[in-house]
Each structure stands twice: as C-alpha cells, then as structure tokens.
Amino acid sequence: MDPYTGQFFELASDLDVEHIVPLKWAHERGGAEWSRERKRAFAEDPDNLWLVDDGRNQSKGHKGPDEWMPPYGPVREYYLRRFLAVAEKYGLQVRPNETQLILAMLARSRKG
C-alpha cells in the first residue's frame, strides 16, 4: 500500500523508494556539512524511506511539509511525525516558519 495515496499496487515498477525528508531539503538545512558516510547513512536510513506511487513521489520532489502533504488524509499526522523525527535524528535545522506550520498541521490533525 502506498502511504501517500492509500492505494494498493501489485507491480514494483509502479513504486519508487521515497525519502520522507528529501535529500536536497536536508542538504539545505545542515546536511551539506556532513561527511560522505553520514550522507550515505541518511540516504539509506530505513526510518526515512517509504515505497510510494512513482507519480506521487515525482510530484513531491524535494519539498518539505510546508510545501507538500500526502493526499491521503489518514497518513498525514504520521508523515509529519516521521518527518520531524528524522530531521531531529540528524540534527537538521528546520526553519522557524516550517516548524510553526508543521506544529499547526499536527494540532489540526488531532482535532479531527
């Protein structure tokens, strides 16, 4: 099941491996200073990877939650929590406006 759409897929060719926290997004928020080994660990970290619909992955690109959210509502809170957990795990510098927006989205998702 693609967590971004809630659809089920039978063909692996319809899926992409997706970085929840995109590589470019991380690069722009502290990842540029990482060693090659840390960059590889981030890129291959199972906590930061999902199998998703290849078209949806392409529409997300390198955007963070302030610019793109999964269209499948039930996964949005989980996506936000996982995004923040990965960013924290790697010490990424989430911008204050991004943090405020993400926290507001989490609060709205809890209210239903």
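Read on for a plain summary of the structure.

About the thresholds
- Residues numbered from 1 in each chain as written.
- Predicted model: local features only at pLDDT ≥ 70, side-chain atom pairs only at ≥ 80, totals over all residues.
- Heavy atoms only, no water.
- Helix = DSSP H or I, 4+ residues; strand = E, 2+ residues; numbered from the N terminus.
- Rg over C-alpha atoms; globule rule 2.2 N^0.38 Å.
- Buried < 20%, exposed > 50% of the residue type's maximum accessible area, 1.4 Å probe, protein only.
- Contact = heavy atoms within 4.5 Å.
- Areas by Shrake-Rupley, 256 points an atom, 1.4 Å probe, with all protein chains shown as cover.
- Lys, Arg positive; Asp, Glu negative; His and termini not counted.
- Charge placed at Lys NZ, Arg CZ, Asp CG, Glu CD.

1. Looking at the overall build of the protein
Scanning the protein from terminus to terminus reveals five helices and two strands. Sequence-ordered secondary structure for the protein, helices as α and strands as β, is β-α-α-β-α-α-α. At 14 Å, the protein has a C-alpha radius of gyration in line with the 13 Å of a compact globule built from 112 residues. For the C-alpha atoms alone, the extent of the protein along its principal axes is close to 40 × 35 × 20 Å. Counting only residues that meet the buried cut, the protein has 35% of its 112 residues in that class. If you take every contact in the protein between residues at least 6 apart in sequence, the share linking residues at least 24 apart comes to 76%. Surface exposure of the protein reaches about 6800 Å², of which carbon and sulfur atoms provide 51%. Between the mean site of the 17 positive side-chain charges and the mean site of the 18 negative ones, the protein shows a separation of 6 Å.

2. Some remarks on the environment of Arg56
Position of Arg56 among the secondary structure elements: in helix α3 (residues 54-60). Classification of Arg56 by relative accessible area gives partly exposed; the value is 30%. Discounting chain neighbours no more than four positions away, the residues touching Arg56 are Tyr4, Thr5, Trp68 and Pro71.

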